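Working through the structure, step by step
Take a look at the letters that make up each chain.
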Amino acid sequence: MSLSDAEVERYSRQILLPGVGEEGQLRLRAARVRLAGRGPRADAALLYLASAGVGTLWVDDGESPGAAAARAANRWSRVDACRPDWQADALLVLLPHPELAQAPTVRPAMAPGPDLERVGGNAIPTVAVWASAGGGGVAAVAAGVPCLRCATEGVEADAASAPALDLALGALAALELTLLVMGLGEGRRHPSRRLDLQGGAIRLHPLAPRPDCCCAAGAC
Amino acid sequence: MMSRIDIRSLACPMTYVRTRLALDRLAPGEVLEVLVAEGEPLENLPRTAAEDGHRVLSREPVPSEGAGSWRVLLERGP
């Protein structure tokens, strides 16, 4: 499997980035990403995920008002409203999200398949993004622990934020998800980490499960 | 058998994009022959390849391929 001439031209500058190459671009093309949530951060993330070459984007916002626009804006990605029987390879979730309020993880699809029956954290690479007073953040979790509840501990997500901040957070979330999908980072595996934006600065934290959380024991 | 690409009809950055894709398909130590046009591509290609960790084995004009044609041999890095 290889990229077409048109794809090589389209993604040429991204392909040249260290560690991406044809292999990374092919992983993006094969990826099926569920985008759970709605709003300006979701719109920004959708745009950047499509522009990066993610092959299939499932928009799970209840209405999919941005899907048609995204499809028209970028003919390189397939954008559809999420269906209950579709299984995603990666997940980007906008906080606050009702599923996370009920459980430590957001389901990778509406009806998990037999290959995703493992418990204890996230079965697929997952990124959560939120806005909060004066900033916001992104949690990127490679498949496995910690669960999203641990990854977003202490977050007080606020739906309202400035348009420029929404754009930055959506773009940052999309970038983290593409890195997870391509498997980039230290040792060719993008690390689970949290990026907190406050006062125009980004602080990075490695992510780990809380000792008292069910995900630490794989028992969520 | 040595791999070979002809990028004389391409402009930057596609010259190095095609070279990078061809190098990615080789194993470390294997050699890629690149036919490149003199001028900016000939100046940029070996430098960028070296910056990416590949080894420039040689560069020489090849009049038999047409005026301004050069052959650059690159050894894929680790």
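Here the structure is a predicted model, which means the values were calculated and not measured.

So, the side chain of Arg20 of chain B
Summarising the element assignment, Arg20 of chain B is placed in helix H1 (residues 14-24). Residue Arg20 of chain B is classed as buried on the basis of its relative accessible area, which comes to 8%. Reaching out from Arg20 of chain B, the side chain makes a polar contact with the backbone oxygen of Ile15 of chain A at a distance of 3.3 Å. Apart from residues no more than four positions distant in its own chain, Arg20 of chain B is found in contact with Ile15, Leu16, Leu17, Gly19, Val20 and Gly21 of chain A together with Asp52 of chain B.

Things to note about the nonpolar core
Side chains of a nonpolar character, in soluble globular proteins, are inclined to be buried together. Residue and element names in this part refer to chain A. Of all hydrophobic cores here, the largest spans 34 residues; its most connected members are Val33, Leu49, Leu57, Leu92, Val127 and Leu177. Looking at this core, the elements that each hand over two or more residues are strand E1 (32-36), helix H4 (40-52), strand E2 (56-60), strand E4 (90-94), strand E5 (126-132), strand E6 (135-141), helix H8 (163-182) and strand E7 (193-198). Take this core: its biggest share by element is eight residues, from H8. The contact partners of Val127, leaving out residues within four places of it in the chain, are Leu91, Leu92, Val93, Val138, Ala139, Ala140, Ala173, Glu176, Leu177 and Leu180. Leu95, Trp130, Ala139 and Leu207 belong to the second-largest nonpolar core, a separate cluster that totals 18 residues.

A word on the environment of Val106 of chain A
Residue and element names in this part refer to chain A. Relative to the helices and strands, Val106 resides in the loop between helix H6 (98-102) and E5. The spacing of Val106 and Arg149 is 43 residues in sequence and 9.5 Å in space, taken between C-alpha atoms. Each residue touching Val106, except ones within four places of it in the same chain, is listed here: Arg34, Leu91, Val93, His97, Glu99, Leu100 and Leu148.

Considering the sheet that holds strand E3 (residues 55-61) of chain B
Residue and element names in this part refer to chain B. The sheet built from four strands is open, its strands ordered E1-E2-E4-E3 with mixed pairing. A strand with exactly one partner marks an edge of an open sheet, and here the two such strands are strand E1 (3-6) and E3. The average angle at which neighbouring strand axes cross in this sheet is 20°, direction not considered. Direction of pairing for E1 relative to strand E2 (residues 31-37): parallel, over a ladder of four bridges. The residue of E2 that forms the bridge with Asp6 is Leu35. Across the sheet, helix H2 (residues 40-51) touches E2, E3 and strand E4 (69-75), and the angle it forms with E2 is around 155°.

Structural notes on the interface of chain A and chain B
You'll often see interface size given as the accessible area lost when the parts meet. At the interface, 13 residues of chain A touch nine residues of chain B. Roughly 880 Å² is buried in total at the junction of chain A and chain B, and carbon and sulfur atoms are behind 63% of that figure. At the boundary of chain A and chain B, one finds two salt bridges. A salt bridge links Asp5 of chain A to Arg18 of chain B; the nearest nitrogen and oxygen atoms lie 2.8 Å apart. On inspection of chain A and its partner chain B, the count reaches four residue pairs in polar contact (both at pLDDT 80 or more). When residues of the side of chain A that touches chain B are traced back to their parent elements, those giving at least two are helix H1 (5-10), helix H2 (12-15) and helix H3 (21-30) of chain A. Of the residues belonging to the side of chain A that touches chain B, the class tally is five nonpolar, four polar and four charged.

Focus: the side chain of Thr56 of chain A
All names here are of chain A. Examined against the element boundaries, Thr56 turns out to sit in strand E2. Using a relative accessible area of 12% as the deciding quantity, one classes Thr56 as buried. Setting aside its immediate chain neighbours within four residues, Thr56 contacts Ala31, Arg32, Val33 and Arg78.

A word on H3 of chain A
Taken together, the buried positions of H3 of chain A are Gly21, Glu22, Gly24, Gln25, Leu26 and Leu28 of chain A. Tucked into the core, H3 of chain A has its buried residues touching H2, H4 and H8 of chain A together with H1 of chain B.

Topic: the sheet that holds E1 of chain A
Residues and elements named next belong to chain A. Pairing is mixed in the open sheet, where eight strands are placed in the order E3-E2-E1-E4-E5-E6-E7-E8. Looking along the sheet, the strands with just one partner apiece sit at the ends: strand E3 (78-81) and strand E8 (201-206). Direction aside, the axes of adjacent strands within the sheet are offset by 15° on average. With five bridges connecting them, E1 and E2 associate as parallel partners. Considered in E2, the bridge of Arg32 is made with Thr56. The strands touched by H8 within the sheet are E1, E4, E5, E6, E7 and E8, with E6 carrying the most contacts at an inclination of about 10°.

How each quantity is defined
Residues numbered from 1 in each chain as written. Chains lettered and ligands numbered in written order. Predicted model: local features only at pLDDT ≥ 70, side-chain atom pairs only at ≥ 80, totals over all residues. Heavy atoms only, no water. Helix = DSSP H or I, 4+ residues; strand = E, 2+ residues; numbered from the N terminus. Buried < 20%, exposed > 50% of the residue type's maximum accessible area, 1.4 Å probe, protein only. Polar contact = N/O pair within 3.5 Å; in protein donor to acceptor, adjacent residues only side chain to side chain. Contact = heavy atoms within 4.5 Å. Core = buried A, V, L, I, M, F, W, Y, C linked by side-chain atoms within 4.5 Å. Pairing = 2+ DSSP bridges. Axes fitted to C-alpha atoms, helices over the stretch in contact; angles between N-to-C directions. Buried area = accessible area lost by both parts, 1.4 Å probe. Salt bridge = Lys/Arg side-chain N within 4 Å of Asp/Glu carboxyl O. Nonpolar A, V, L, I, M, F, W, Y, C, P; charged D, E, K, R; others polar.

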